[in-house]
Amino acid sequence: LEGIIRNGKKVAIVGAGPAGLAAAEQLNKVGYQVNVYERDAEPGGLLRFGIPDFKLEKWVVERRVNLMKKEGINFITNCNVGFDITSDKLLNEHDSLLLTGGATIPRDVPVTGRNLKGVHFAMEFLTQQNKRVSDISFNEEDILATDKNVVVIGGGDTGSDCIGTSKRQGAKSVIQFELLTKPPLNRIEKNPWPEWPVILRT
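The structure reproduced in this document is the subject of the present report. Note that the structure is a prediction, hence the values are computed from the model and not measured.

### As for the nonpolar core
Most often, soluble globular proteins have nonpolar side chains that are buried together. Counting 14 residues, the largest nonpolar core has I13, A24, V34, V36, M68, I73 and F75 as the members making the most contacts within it. Put simply, the parts of the chain that give this core at least two residues each are strand 1 (10-14), helix 1 (18-29), strand 2 (33-37) and helix 3 (58-70). Look past the residues within four positions of I13 in its chain and what remains in contact with it is G20, A23, A24, L27, V34, N35, V36, Y37, L98 and T100. Among the nonpolar cores identified, the runner-up in size contains eight residues, and L126, I143, V150 and A171 belong to it.

### Quick notes on the pattern of salt bridges
Counted under the stated rule, the structure contains nine salt bridges. Its salt-bridge partner being K55, residue D161 comes within 2.7 Å of it at the nearest N-O pair. Of this pair, D161 sits in helix 6 (residues 157-168) while K55 sits in the loop between helix 2 (46-49) and helix 3, and the two are 106 residues apart along the sequence. Note that E93 is salt-bridged to K89, the shortest N-O span being 2.5 Å. One end of the pair, E93, and the other, K89, are both in helix 4 (residues 87-93), four residues apart, so they sit about a helical turn from each other. K89 sits in the partly exposed class, given a relative accessible area of 40%.

### Description of the pairing of strand 2
Where burial is concerned, most of strand 2 is hidden: four out of the five residues are buried. Sheet topology places strand 1 next to strand 2; five bridges connect them, and they run parallel. Residue pairing across strands places V11 opposite V34, the latter belonging to strand 2. In this fold, strand 1 hands off to helix 1, which returns the chain to strand 2; that crossover is right-handed. Two elements, strand 2 and strand 3 (residues 74-76), share three bridges in a ladder whose sense is parallel. Within strand 3, the position partnered with N35 by the bridge is N74.

Criteria and thresholds
- Residues numbered from 1 in each chain as written.
- Predicted model: local features only at pLDDT ≥ 70, side-chain atom pairs only at ≥ 80, totals over all residues.
- Heavy atoms only, no water.
- Core = buried A, V, L, I, M, F, W, Y, C linked by side-chain atoms within 4.5 Å.
- Buried < 20%, exposed > 50% of the residue type's maximum accessible area, 1.4 Å probe, protein only.
- Helix = DSSP H or I, 4+ residues; strand = E, 2+ residues; numbered from the N terminus.
- Contact = heavy atoms within 4.5 Å.
- Salt bridge = Lys/Arg side-chain N within 4 Å of Asp/Glu carboxyl O.
- Pairing = 2+ DSSP bridges.
- Right-handed = clockwise from strand over helix to strand, strands pointing away.

In structure tokens:
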């Protein structure tokens, strides 16, 4: 708290994901009293509940959040704005309200069989696993890849996270489908340094 000159104003931030954390940090530094409201059990959003531990260990996120708390930022967790507290109440108790909710609506694939048992969105699967390894309870039925043949649709970061999680849970087999063509093993002439190398990574 040393060095921060308070301006006497309060800001409520709805959502403690990457955007909410960044906004809270900046607003706190310039003197606002910051209260961050988060519907989940812990702050961090996708950093905490989306990205698996094998890519981002949760102590890194927890360390940052603890530093923010020491700097005077308040986190109100397990609080779903609009249900547990109204936006009117937040507006009445704060000078400003900042909405930093994440993009929690997944992109569906409207195909035959989509509604069958065992077909899940990636974030349902990944969030459960993150909560499981952090000993945070959840009410949904377990989604586990253990001893199952897993199909992952999508070849980006989230698809890779699902593959890694499935392997760690002991899946019998994992097959991934990707829309784009297979990238080359080495840079092509049209992809010179210092551009990001578009190459196959496994």
